[in-house]
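Architecture and fold: a report
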Amino acid sequence: MKMFTFVKGPIDANNYLLMDEKTNDGILIDCSSPEDTYIDEIKKTGVNLKKIILTHGHFDHILGCNRFYEEFGCDIYVGKDDIEQINYAPQMTLMLGGVKIPEVTCVKNTVEEEDIFVLGDFSLKAISTPGHTKGGMSYLSNDGKLFSGDTLFKGSVGRTDFLGGSFDDILNSVKNKLFKLPDDTVVYTGHGPSTTIGYEKTHNEIAFS
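All values derive from a computational prediction rather than experimental measurement.

**Brief notes about the pairing of strand β3 (residues 25–29)**
Burial within β3 is extensive, with 4 of its 5 residues counted as buried. Pairing of strand β2 (residues 13–19) with β3, which is carried by 4 bridges, proceeds in the antiparallel orientation. For Y16, the partnering residue across the bridge sits in β3 and is I29. Here β2 folds back onto β3, and the loop between the two strands holds 5 residues, one of which, N24, carries a positive phi near 65°.

**Side note on the sheet that holds strand β8 (residues 122–128)**
Taken in spatial order, the 6 strands make up an open sheet running β7-β8-β9-β10-β13-β14, and their pairing is mixed. Both edges of this open sheet fall to β7 (116–119) and β14 (195–196), since each of them pairs with a single strand only.

**Here we look at the pattern of salt bridges**
Following the criterion strictly, the structure yields 10 salt bridges and no others. For the salt bridge of D36 with R67, the shortest nitrogen-to-oxygen distance reads 2.8 Å. Taken together, the positions of D36 in helix α1 (residues 36–44) and R67 in helix α3 (residues 65–72) put the pair 31 residues apart, joining distant regions of the chain. Since its relative accessible area comes to 23%, R67 is described here as partly exposed. A salt bridge links E71 to K43; the nearest nitrogen and oxygen atoms lie 2.5 Å apart. Of this pair, E71 sits in helix α3 while K43 sits in helix α1, and the two are 28 residues apart along the sequence. The exposure class assigned to K43 is partly exposed, which follows from its relative accessible area of 42%. Several salt bridges converge on common partners, so that one network encompasses D36, K43, R67 and E71.

**Some points on the packing of aromatic side chains**
The full count for this structure, using the stated rule, is 8 aromatic pairs. Ring centres of F6 and Y38 lie 5.4 Å apart, and the angle between their planes is 55°; on these two criteria the pair is classed as tilted. Of this pair, F6 sits in strand β1 (residues 2–8) while Y38 sits in helix α1, and the two are 32 residues apart along the sequence. For the ring pair Y16 and Y188, a centre distance of 5.6 Å and an interplane angle of 65° mean the geometry is edge-to-face.

**Re the nonpolar core**
Ranked by size, the top nonpolar core spans 27 residues in total, and within it L28, I42, L49, I52, L54, C65 and F68 carry the most contacts. Those elements giving two or more residues to this core turn out to be β2, α1, β4 (48–53), α2 (59–62), α3, β5 (75–79) and α4 (83–95). Here C65 is in contact with C31, L54, I76, V104 and C106, once residues within four sequence places are set aside. Within the second largest apolar cluster, 16 residues are counted, among which are F122, L124, A126 and M137.

**Some thoughts on helix α5 (residues 167–176)**
Note: α-helices contain 3.6 residues per turn, so residues at a spacing of three or four share the same orientation. Of all the positions in α5, only I170, L171, S173 and V174 are classed as buried. Across the axial projection of α5, the buried residues extend over an arc of 160°, all falling on one side. Tucked inside the fold, the buried residues of α5 contact β11 (152–153) and β12 (156–157).

**A short note on the sheet that holds strand β6 (residues 109–111)**
The strand order β1-β2-β3-β4-β5-β6 describes an open sheet built from 6 strands, whose pairing is mixed. A strand with exactly one partner marks an edge of an open sheet, and here the two such strands are β1 and β6. This sheet shows a mean twist of 25° between the axes of neighbouring strands, independent of strand direction.

**Brief notes about the side chain of Q85**
Residue position: Q85 is located in helix α4. According to the relative accessible area criterion, Q85 is buried, its value standing at 3%. Polar contacts involving the side chain of Q85 include one to the main-chain carbonyl oxygen of L163, which spans 2.4 Å. Beyond its immediate sequence surroundings of up to four residues, Q85 is in contact with G57, H58, T133, L163 and G164.

Reading the values: rules and limits
Residues numbered from 1 in each chain as written. Predicted model: local features only at pLDDT ≥ 70, side-chain atom pairs only at ≥ 80, totals over all residues. Heavy atoms only, no water. Buried < 20%, exposed > 50% of the residue type's maximum accessible area, 1.4 Å probe, protein only. Helix = DSSP H or I, 4+ residues; strand = E, 2+ residues; numbered from the N terminus. Pairing = 2+ DSSP bridges. Salt bridge = Lys/Arg side-chain N within 4 Å of Asp/Glu carboxyl O. Phe/Tyr/Trp six-rings, centres within 6.5 Å; stacked < 30°, edge-to-face > 60°. Core = buried A, V, L, I, M, F, W, Y, C linked by side-chain atoms within 4.5 Å. Contact = heavy atoms within 4.5 Å. Arc of directions from axis to C-beta. Axes fitted to C-alpha atoms, helices over the stretch in contact; angles between N-to-C directions. Polar contact = N/O pair within 3.5 Å; in protein donor to acceptor, adjacent residues only side chain to side chain.

Read these as geometric descriptors, not functional statements.
Given below as structure tokens:
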């Protein structure tokens, strides 16, 4: 399995492209820019993009969805309780002082806890991790990678002061779900550097507040 990381969009969100080496079929986790240059970078990998899986519905993680859907025709998935976030995204950009973005109309598939996405010998299992948003999802691979979106960061957790956010819920998600994973689980976050579960259990003071 090949993995490519792209830091894209107005808030430098991490997008992760996972590609099966035998078939070149791929899954993109989060899609934060509609720019042609980003499309070109994806194409240069040689991927056959089959799915886009969103960790949550905030605008900075979905800005590229319409453009990517037009270009690749791939299915796009989000946690079933984050459809409201997808619909709210244009208003959220205005609230934060930005320009109103177009409605994202191409997200037609929903994800629930323990749904599994298979890519060759590689698989991703959905873990429901509400708190940053109501329908936030993390994705655990069968080779020890966790894609945490904006639930868990290195030394911190996601903010909870937007629509559907809950500090109690995010602490529960981190402590009672993500921290139950093996310490050597590598965490690929929605923004910033990667980390490990073991490091966060020792150093993440917010998670233990």
